[in-house]
Amino acid sequence: MSLELGRREQKKITNRKAILDAGLEVFSNIGYERATITDIVSASGLSVGTFYNYYGDKDTIFASLITTYLTQVRSVLSEARNKATSIESFVMGAFRAYSLLTASNPKMQRLIATNSSTFRQFVTSEKELIGIIEDLAQDMQNAIDAGLAPDFPVSLMTSAMIASSIEIFSNDVGKHSADEKANFLGHLFLGGIQRLSSLKT
């Protein structure tokens, strides 16, 4: 009985992955607006009935893909900031870690570029984004308290970093590489932090 249950659970995992992989493929190639359930079902190789056993609409699939992506983003950013030994490595390291994650997943990168407005709409409503914001604010405050970074307004900097990152990575379609965007943002905010700290002295 337990063997049968194990097979059933594995089948569910396999089917969910097939549907999500198909959604990523379809959304990144033809876009969220043009994509239909039929397109996703066809790309998954499963039946329509099997699809509806797991997902009710394309919104749920798109949201699941974004949630998974944000979970990965949260992890790599926290890891990069925890390794920082200076304000430069704190800021630049985090943006470079994000760049590497983005570059390692070209389909997700293409999904974001193809669906920039939809991505921004979904990502700003995701609970995982709240965790990313809270982590960043706490990490920056810890860096200031530890003397790793000069004093600056953490809440304002957090909002500016998150908003700018979402805007640049979702709206700059094909003009600059992920690494170029990360370097731009890193230098922009590193310079901003240093300038703000000099105003207090």
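Residues numbered from 1 in each chain as written. Predicted model: local features only at pLDDT ≥ 70, side-chain atom pairs only at ≥ 80, totals over all residues. Heavy atoms only, no water.

A. Just the environment of T158, in detail. By the secondary structure assignment, T158 is in helix α9 (residues 154-171). With relative accessibility at 2%, the residue T158 sits in the buried group. Separated by 38 residues in the primary sequence, T158 and L196 have C-alpha atoms spaced 14 Å apart. Residues within four places of T158 in sequence aside, it is in contact with I133, L136, A137 and M140. (Helix = DSSP H or I, 4+ residues; strand = E, 2+ residues; numbered from the N terminus. Buried < 20%, exposed > 50% of the residue type's maximum accessible area, 1.4 Å probe, protein only. Contact = heavy atoms within 4.5 Å.)

B. Focus on the pattern of salt bridges. Evaluation of the coordinates by the stated rule reveals eight salt bridges. Put simply, K107 and E25 hold a salt bridge, and the shortest N to O gap is 2.6 Å. Of this pair, K107 sits in helix α6 (residues 106-114) while E25 sits in helix α1 (residues 2-30), placing them 82 residues apart in sequence. A residue is classified by how much of its surface remains accessible, and K107, at 34% relative accessible area, is partly exposed. R74 is the salt-bridge partner of E128, the closest N and O atoms lying 3.3 Å from each other. Note that E128 is positioned in helix α8 (residues 127-145) and R74 in helix α4 (residues 58-82), a separation of 54 residues in sequence. Among the charged side chains, a network of salt bridges with common partners joins R74, E128 and D135. (Salt bridge = Lys/Arg side-chain N within 4 Å of Asp/Glu carboxyl O.)

C. Focus on the nonpolar core. One finds F27, I61, V91 and L111 to be the most contacted residues of the largest nonpolar core, which totals 57 residues. Here this core takes nine residues from α4, the largest share from any one element. Residue contacts for I61: discarding those within four places in its chain leaves I19, L20, G23, F27, I40, F51 and Y55. (Core = buried A, V, L, I, M, F, W, Y, C linked by side-chain atoms within 4.5 Å.)

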